Amino acid sequence: MLPDGLWRIIRIGVVSLVLAAGFAGLVLGDTWLWVAVEWTPPFYAEFYAQDGFDAPTTAALLVAAPVKAALLWLILRAPAPGPLDRRARALRRLLYLAVAYTLVLRYPIALLPGPIDLAFSLALWTAIDVLYLLVIRWRSRVLRAAAGAMFAVELAGMASGLLDELDLLELGPSDILMLGPMLSGVAATVLTVVGQRRDGRWSRGTQVAGWLSAGVSALGFPLNMLIMSLSGGGPAMVVVMDAVGLVSTVWIAATARELAVHEPSAGDRPAEPPPARRRVIRVAVAAVAVLTIVAQIHPEGAARLTYTGWSMSCYDRPSFGDLKPAERDAAFLCRARSREGGVPPMFPDSMADQEIIAYGRELCRTEDRDEQEAILRRAGSARSDAGADPWDLVYVCPETVGAMYPELLRSTAEERAANAAYIAEKNARCRDPWPRTKGAAQATANYFLFADGDPGYLVHDPDDKAADESEEQATGKVYDDSTLIGVAGSAVLIGHVEDVIHLCLTVKAFGTAPPQRLAGWDQVNEVPIVSRSGRLTVPEKGEGEVGAGAPMPNLAIAGKGRYRLRVYVRVDEEGEEQHLVVVFPGTSGKRLKLKP
């Protein structure tokens with residue numbers, strides 16, 4: 001343990017540094033003032049106020065600086081001398097680790113994947129709570145059991161957050177497990193302070209810090225709302241709440257510091273209350289513990305709010321065929337409350353789960369859109385003029401929706417197989433228009449386009465450092481003339497003649513220019529293109545995207561350099577559009593209309 005004199009020098013140095021940093025931040029500007037007072041990286045300041053801080057935020061920072069320095073002075077007090085047993089020594093180290101995490105470690109740990117931070121906090125506080133039960137002299141089995149129950153509820157909420165982050169099964173409804181740690185955290189703090197008082201090792205100042213910590217936790221939400229209303233929801237609220245929250249760190253540090261204080265003598269120990277008063281205290285402690293848990297249990301008939309429009313578990317939309325029957329109602333609740341894409345939810349967040357599911361099944365029984373709109377208006381829906389989509393309703397009435405849209409009942413594997421079969425069918429209808437002229441590299445496939453507003457397809461160098469810029473320029477030039485071909489360095493965008501959602505595309509690469517063979521084509525054009533990386537190709541279709549239905553080869557068979565790109569286009573009697581793209585080395589930069 002460090003000598004008291006050295007410890008005092010460290011305290012004075014750290015607190016002086018904090019105050020000096022606050023003064024320097026006031027001189028250097030808003031960002032460094034924020035860093036000096038909030039002890040966070042600079043980009044946090046840019047996140048909260050990109051255009052600088054307003055007057056309330058600056059005032060809050062200036063007030064918070066000395067307040068946090070004073071609290072830091074209390075936190076950095078030297079540990080009390082005295083012997084420690086193995087459990088007390090471990091508890092002191094873990095409590096100081098919790099203090100270090102709050103003050104310093106949480107920001108570098110936050111840079112790691114989310115589950116690591118949550119797992120660290122869960123492991124740390126599980127160990128601290130267990131040691132609390134073993135080290136504190138509770139002098140009452142009821143009090144110890146009540147504290148253990150509160151610790152368990154609090155840790156269950158943390159475990160649920162970790163499971164949710166890992167996309168595993170949660171321990172219960174998210175709203176209940178968010179409320180649980182809040183209530184049990186306050187109760188656990190109160191019971192721990194009572195245990196410290198009965199133990200006798202902790203000073204009155206430490207107990208006062210504990211009561212203040214419980215008060216901050218209990219009043220955190222209303223205090224947050226009050227400050228938000230006064231500050232307009234700006235970063236001033238963050239500054240104030242951060243300073244107030246440091247009270248809990250003071251209590252944790254004080255608890256660790258005074259662990260080694262000897263047990264007081266019988267004369268100094270608080271007098272035992274009379275038997276009648278002891279019974280009242282036991283009943284009160286048991287009532288606090290039981291009522292905190294009971295408050296989180298809702299009757300079966302009560303309104304449940306399992307998922308809101310912002311629930312993390314609702315971001316992934318599973319296929320109907322991948323869900324067990326017991327999971328389908330939850331999937332529908334996610335869709336019914338979703339705000340994805342800025343679209344208002346089908347039902348308000350305040351409506352209970354049972355009501356939403358009942359309305360969903362009622363929507364399934366409607367015969368037309370007008371009936372659906374009437375039901376949604378009655379439910380207070382913000383989408384009453386849009387009706388309900390079958391891909392949402394399938395989760396609550398698969399027998400009804402599936403009869404009309406059987407594809408909505410597929411699993412992910414079935415959907416992929418059906419999509420692969422569809423692509424193979426479209427590819428099979430496309431034929432090589434030059435079957436006897438083999439290129440050094442070639443391929444024939446269906447090219448899938450977006451239904452509306454898709455200008456065409458690219459032949460490009462995907463590894464060019466300026467690929468994005470070239471593609472954007474080529475897209476902007478595609479309508480410059482009647483050829484519908486936009487040229488920009490390493491990218492050529494080729495437009496389609498007819499209003500189609502797919503076309504047959506053949507690409508061929510040659511070492512020299514092949515014969516022109518203009519007969520049978522509606523138009524033939526030749527343009528320059530360059531490959532800066534030694535690649536030229538056509539994008540392949542991804543899931544739910546545009547692109548070729550089969551892998552396209554590298555058409556830059558001569559490596560880096562300049563090429564000529566000849567485009568053949570025709571439309572048959574059935575309105576099907578066919579394209580042939582021929583690529584060969586060539587230094588000319590001219591655009592040629594071989595067959596306008």
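Up top is the structure these notes are about.
Figured I'd write up the structure that's included with this text. (Residues numbered from 1 in each chain as written. Predicted model: local features only at pLDDT ≥ 70, side-chain atom pairs only at ≥ 80, totals over all residues. Heavy atoms only, no water.)

**Here's the deal with the overall build of the chain**
Scanning the chain for helices and strands turns up 18 helices and 10 strands. Looking at the chain alone, contacts between residues at least 24 apart form 72% of all its contacts between residues at least 6 apart. Surface exposure of the chain reaches about 30900 Å², of which carbon and sulfur atoms provide 60%. (Helix = DSSP H or I, 4+ residues; strand = E, 2+ residues; numbered from the N terminus. Contact = heavy atoms within 4.5 Å. Areas by Shrake-Rupley, 256 points an atom, 1.4 Å probe, with all protein chains shown as cover.)

**Quick word on the pattern of salt bridges**
This structure, assessed with the given rule, holds 13 salt bridges. Measuring nitrogen to oxygen at the nearest pair gives 3.4 Å for the salt bridge that ties Glu 415 to Arg 410. Judged by relative accessible area, Arg 410 falls into the partly exposed class, the value being 30%. In this structure, Asp 463 engages Arg 535 in a salt bridge whose closest nitrogen and oxygen atoms are separated by 3.4 Å. Of this pair, Asp 463 sits in the loop between strand E2 (456-460) and helix H18 (467-477) while Arg 535 sits in the loop between strand E6 (523-531) and strand E7 (547-548), and the two are 72 residues apart along the sequence. We classify Arg 535 as partly exposed; its relative accessible area is 33%. If you follow the salt bridges from partner to partner, you end up with Arg 137, Asp 199 and Arg 201 in one network. (Salt bridge = Lys/Arg side-chain N within 4 Å of Asp/Glu carboxyl O. Buried < 20%, exposed > 50% of the residue type's maximum accessible area, 1.4 Å probe, protein only.)

**A closer look at the packing of helix H5 (residues 86-110) against helix H10 (residues 235-257)**
Interaxial distance between H5 and H10 falls to 8 Å at its minimum, and their mutual angle equals 155°. As summarised for this structure, H5 and H10 are arranged roughly antiparallel, according to the angle between their axes. Crossing angle aside, the handedness with which H5 passes H10 is left-handed. Only Asp 242, Leu 246, Thr 249, Ile 252, Ala 253, Thr 255, Ala 256 and Arg 257 of H10 make contact with H5, whose side of the interface consists of Arg 92, Leu 95, Tyr 96, Val 99, Thr 102, Leu 103 and Arg 106. Within the contact of H5 with H10, the residues separate by chemical class into 8 nonpolar, 3 polar and 4 charged. (Axes fitted to C-alpha atoms, helices over the stretch in contact; angles between N-to-C directions. Parallel < 35°, antiparallel > 145°, perpendicular 65-115°, else oblique. Left-handed = near helix turned anticlockwise from the far one by under 90°. Nonpolar A, V, L, I, M, F, W, Y, C, P; charged D, E, K, R; others polar.)

**A few points about the sheet that holds strand E1 (residues 441-448)**
Spatial strand order, E7-E1-E5-E9-E8-E6-E10: 7 strands in an open sheet with mixed pairing. Two strands close off the open sheet at either side, each with one partner strand: E7 and strand E10 (592-595). Here strand E5 (residues 502-509) runs beside strand E9 (residues 577-585); their pairing, made up of 6 bridges, is parallel. Residue Lys 508 lies in a different strand from E9, and its bridge partner there is Val 582. Sitting on the sheet, helix H17 (residues 412-428) is in contact with E1 and E5, with an inclination near 120° to E1. (Pairing = 2+ DSSP bridges.)

**Quick look at the state of the cysteines**
The final tally for this structure, using the stated rule, is 2 disulfides. Disulfide pairing places Cys 364 opposite Cys 397 at an S-S distance of 1.7 Å. Disulfide Cys 364-Cys 397: the torsion about the S-S bond is -70°, which places it as left-handed. Here Cys 397 lies in the loop between helix H15 (390-393) and helix H16 (398-404) and Cys 364 lies in helix H13 (residues 353-364), a separation of 33 residues in the sequence. You can call Cys 364 buried: its relative accessible area is 10%. We classify Cys 397 as buried; its relative accessible area is 3%. Each disulfide pairs two cysteine sulfurs, and for Cys 430 the partner residue is Cys 504, the sulfurs being separated by 2.1 Å. A torsion of -80° about the S-S bond marks the disulfide between Cys 430 and Cys 504 as left-handed. Here the residue Cys 430 occupies a position in the loop between H17 and E1, and Cys 504 occupies one in strand E5, the gap between them amounting to 74 residues. (Disulfide = S-S within 2.5 Å.)

**Points about the packing of aromatic side chains**
In total, this model carries 8 aromatic pairs according to the counting rule given. Here the aromatic rings of Phe 347 and Tyr 359 are separated by 5.8 Å at their centres, their planes lie at 20°, and the arrangement is stacked. Of this pair, Phe 347 sits in the loop between helix H12 (328-336) and H13 while Tyr 359 sits in helix H13, and the two are 12 residues apart along the sequence. Of the two residues, Phe 347 and Tyr 359, neither departs from the other in class, the shared state being buried. Joined through ring pairs, the aromatic side chains of Trp 434, Trp 521 and Tyr 568 make up one cluster. Across the ring face of Trp 521, the terminal group of Arg 570 is positioned such that the distance to the ring centre comes to 4.0 Å. (Phe/Tyr/Trp six-rings, centres within 6.5 Å; stacked < 30°, edge-to-face > 60°. Lys NZ or Arg CZ within 6 Å of the ring centre and 35° of its normal.)

**Quick word on the pairing of strand E3 (residues 485-488)**
Going residue by residue along E3, you find Ile 485 and Val 487 tucked away on one face and Gly 486 and Ala 488 tucked away on the opposite face as well. One ladder, built from 4 bridges, connects E3 with strand E4 (residues 491-495); its direction is antiparallel. Each bridged residue has a counterpart across the sheet, and for Ala 488 the counterpart in E4 is Ala 491. Turn length for the E3-E4 hairpin, with the two strands adjacent in sequence and antiparallel, is 2 residues, and the turn residue Gly 489 shows positive phi of about 65°.

**Considerations on the sheet that holds E2**
Neighbouring strands of a sheet are bound in pairs by backbone hydrogen bonds; such pairs are parallel or else antiparallel. Pairing is antiparallel in the open sheet, where 3 strands are placed in the order E2-E4-E3. In the strand order of this sheet, the two ends are held by E2 and E3, each with one partner. On average, each strand axis in the sheet is tilted by 15° relative to the strand beside it, whichever way the strands run. Here E2 pairs with E4 via 5 bridges, running antiparallel. Directly across from Tyr 457, in E4, lies its bridge partner Ile 494. Across the sheet, H18 touches E2, E3 and E4, and the angle it forms with E3 is around 145°.

**Some details on unusual backbone geometry**
Non-glycine residue Leu 484 carries a positive phi angle of around 55°. Look at Arg 517: it is not a glycine, yet its phi comes out positive at around 50°. Among the structural elements, Arg 517 can be located in the loop between E5 and E6. By relative accessible area, Arg 517 is classed as partly exposed at 43%.

**Regarding the environment of Asp 242**
Secondary-structure assignment places Asp 242 in helix H10. Residues Asp 242 and Glu 38 lie 204 residues apart in sequence; the distance between their C-alpha atoms is 7.7 Å. Ignoring anything within four residues of it in the chain, the contact list for Asp 242 reads Glu 38, Lys 68 and Arg 106.

**So, H12**
Given 3.6 residues per helical turn, the α-helix brings residues three or four places apart onto the same face. Within H12, burial applies to Ala 331, Phe 332, Leu 333, Cys 334, Arg 335 and Ala 336. Those residues of H12 that are buried lie in contact with H13 and H15.

**Quick notes on the side chain of Thr 192**
Summarising the element assignment, Thr 192 is placed in helix H8 (residues 174-199). Not counting residues up to four positions away in its chain, the partners in contact with Thr 192 are Tyr 132, Ile 136, Trp 138, Phe 151 and Trp 251.

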